[in-house]
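The primary structure of each chain is shown beneath.
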Amino acid sequence: MFQNLSAYVRVVEVGPRDGLQNEPTPVPTEVKVRFIEMLADAGLSVVEATAFVSPKWVPQLADAEQVLAQITRRPSVRYPVLTPNSKGLERALSAGATEIAVFTAASETFCQRNLNRSIEQSLQEYALVVREAKAAGCWARGYISTALVCPYEGAISPDAVKPIVERLLAMGIDEVSLGDTIGAAVPTQVARLTETLLPILPPERFAYHFHNTYGTALANVLTALQLGVFIFDSSAGGLGGCPFAPSASGNLATEDLVYMLHGMGIQTGVDLEGVAAAARYILSHLQRATPPSSYLRACAR
């Protein structure tokens, strides 16, 4: 039934950044550092560490310099950081970042509400950021939010996403992550977007970032897998959300994703129990009595 699936999936852990950026409970720097190190110890090869954004807008990540300085980095692990502008990039490079990420949106309304600029303006800014990052020897990732559904504009056409992907690739982005920012997409939408983009975005540079608001994240992963995509973002414990997307709930939980993939015989290099331990660790500091993760809830029974 499931043919031509990749034997390996790369899981990109976004919990320390995307998972914590919208949490009302402050998380001490040392807890964030331990969380990141537990995730790397669990075998995750990419752990998004933090974001160099304005503390005024995202106070939860105001300690970006300290986090990056204190983590013990594994040579085989990437620790990308979000750099939304040249000032953020300057801070990141000064803190020792070697992998960066930028983000725009496929919805004009969302881009204006999130970045206070148009899609075109964001791409022009990121061309400068990526050029500077590349000159410094950095690996660069590009996120496209609301690539499937927007909380303001509804369903997004794949034809609106394609030119943004082309612009990101042209500026030197190494990997593009397509976001279902409010977790409202269904498999047919994922299939249409994937089939539209694969001719210009090869699988080794193609990632999906699914939220699980309506419980469709794993179904969307399976759809993308069947079409050749093998890079997926997820967040330990199912943490996450977006302060600028009122309908967004948590990300797809890393442990839910890994449980499904391992059950299908697909390798990830990730220790499931190690990820679950990291998720329990951060959830305890966030005082979450009921975890968003299905795997953790099942194991607690």
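Predicted, not measured: the structure shown is a model, and the values here were computed from it. Throughout this description, residue numbers start from 1 for each chain and increase along the sequence as written. Where local features are concerned, this predicted model is filtered to residues with pLDDT of at least 70; where side-chain atom pairs are given and counted, the filter is 80 or more; whole-chain, interface and lining totals use all residues. The side-chain values count all of the structure's non-hydrogen atoms but skip hydrogen atoms and water molecules.

Describing the layout of surface pockets
Within this model, the second largest pocket holds a volume of roughly 150 Å³. Here a cavity means grid points, on a 1 Å grid over the protein atoms only, where a 1.4 Å probe fits yet cannot get out; a pocket means an open set of points with protein on both sides within 12 Å along at least five of seven lines; lining residues are those with an atom within 4 Å of a point. If you go around the second largest pocket, you meet 15 residues; those closest to its centre are Asn212, Gly238, Gly250, Asn251 and Pro292. For the lining of the second largest pocket, the class distribution of residues is 4 nonpolar, 8 polar and 3 charged. Grid points are joined across faces, edges and corners, and a volume is the space filled by probe spheres set on the points. Basically, the charged four are Asp, Glu, Lys and Arg, the nonpolar ten are Ala, Val, Leu, Ile, Met, Phe, Trp, Tyr, Cys and Pro, and anything else, Gly included, counts as polar.

Digging into the side chain of Asp256
Elements are defined by DSSP. Helices are runs of H or I of four residues or more, strands are runs of E of two residues or more, and each kind is numbered from the N terminus. Checked against the element boundaries, Asp256 lands in helix H10 (residues 254-263). Buried and without a salt bridge, Asp256 has Arg297 as its closest oppositely charged side chain, separated by 6.4 Å. Polar side-chain contacts of Asp256 include one of 3.4 Å to the side chain of Ser293. Any two residues having at least one pair of non-hydrogen atoms within 4.5 Å are treated as being in contact. Contacts of Asp256, omitting those with residues within four sequence positions, involve Leu218, Ser293, Ser294 and Tyr295. Note on classification: 1.4 Å probe, protein chains only; a residue is buried when its accessible area is under 20% of the maximum for its type, exposed when over 50%, partly exposed between these limits. Positive charges come from Lys and Arg, negative ones from Asp and Glu, while His and the chain ends are left out of the count. When a carboxyl oxygen of Asp or Glu lies within 4 Å of a side-chain nitrogen of Lys or Arg, that pair is called a salt bridge. Polar contacts here mean pairs of N or O atoms no more than 3.5 Å apart (in protein, one a potential hydrogen donor and the other a potential acceptor; neighbouring residues in sequence count only if both atoms are side-chain atoms).

Some details on the sheet that holds strand E11 (residues 231-234)
Any two strands are treated as partners once DSSP identifies two or more bridges connecting them. The 9 strands lie next to each other as E2-E1-E11-E10-E9-E6-E5-E4-E3, forming an open sheet whose pairing is parallel. The outermost strands of the open sheet, each flanked by one partner alone, are strand E2 (46-47) and strand E3 (50-51). Here strand E6 (residues 139-145) pairs with strand E9 (residues 175-180) via 4 bridges, running parallel. Residue pairing for E9: Arg141 is matched across the bridge by Glu175. Convention adopted: a line fitted to C-alpha atoms gives each axis, helices being fitted over their contacting stretch, and angles between N-to-C directions are expressed from 0 to 180 degrees. Its contacts with the sheet put helix H5 (residues 108-115) on strand E5 (99-105) and E6, and the angle it makes with E5 is roughly 125 degrees. Against the sheet, helix H9 (residues 217-226) makes contact with E9, strand E10 (206-210) and E11, and its axis sits at roughly 165 degrees relative to E10, the strand it touches most.

A look at the packing of H10 against helix H11 (residues 272-285)
Where H10 contacts H11, the axes come no closer than 9 Å and their chain directions differ by 165 degrees. As summarised for this structure, H10 and H11 are arranged roughly antiparallel, according to the angle between their axes. Considering how the two elements wind past one another, H10 and H11 form a crossing that is left-handed. Here H10 contributes Thr254, Glu255, Val258 and Tyr259 to the contact with H11, which in turn contributes Leu272, Val275 and Ala279. By residue class, the composition of the contact of H10 with H11 is 5 nonpolar, 1 polar and 1 charged. When describing relative orientation, an angle under 35 degrees is termed roughly parallel and one over 145 degrees roughly antiparallel, while 65 to 115 degrees is termed roughly perpendicular and anything else oblique. Crossing chirality is assigned from the near helix's rotation relative to the far helix, an anticlockwise turn below a right angle marking it left-handed and a clockwise turn marking it right-handed.

Brief notes about the pattern of salt bridges
Counting across every chain of the model gives 12 salt bridges. Between Arg91 and Glu65 there is a salt bridge, with the nearest N and O atoms lying 2.7 Å from each other. Of this pair, Arg91 sits in helix H4 (residues 86-94) while Glu65 sits in helix H3 (residues 64-70), and the two are 26 residues apart along the sequence. Where Arg167 meets Glu120, a salt bridge forms, and the shortest distance between an N and an O atom there is 2.9 Å. In this pair, Arg167 is assigned in helix H7 (residues 158-170) and Glu120 in helix H6 (residues 119-135), connecting sequence segments 47 residues apart. The exposure class of Arg167 is partly exposed, given its relative accessible area of 33%.

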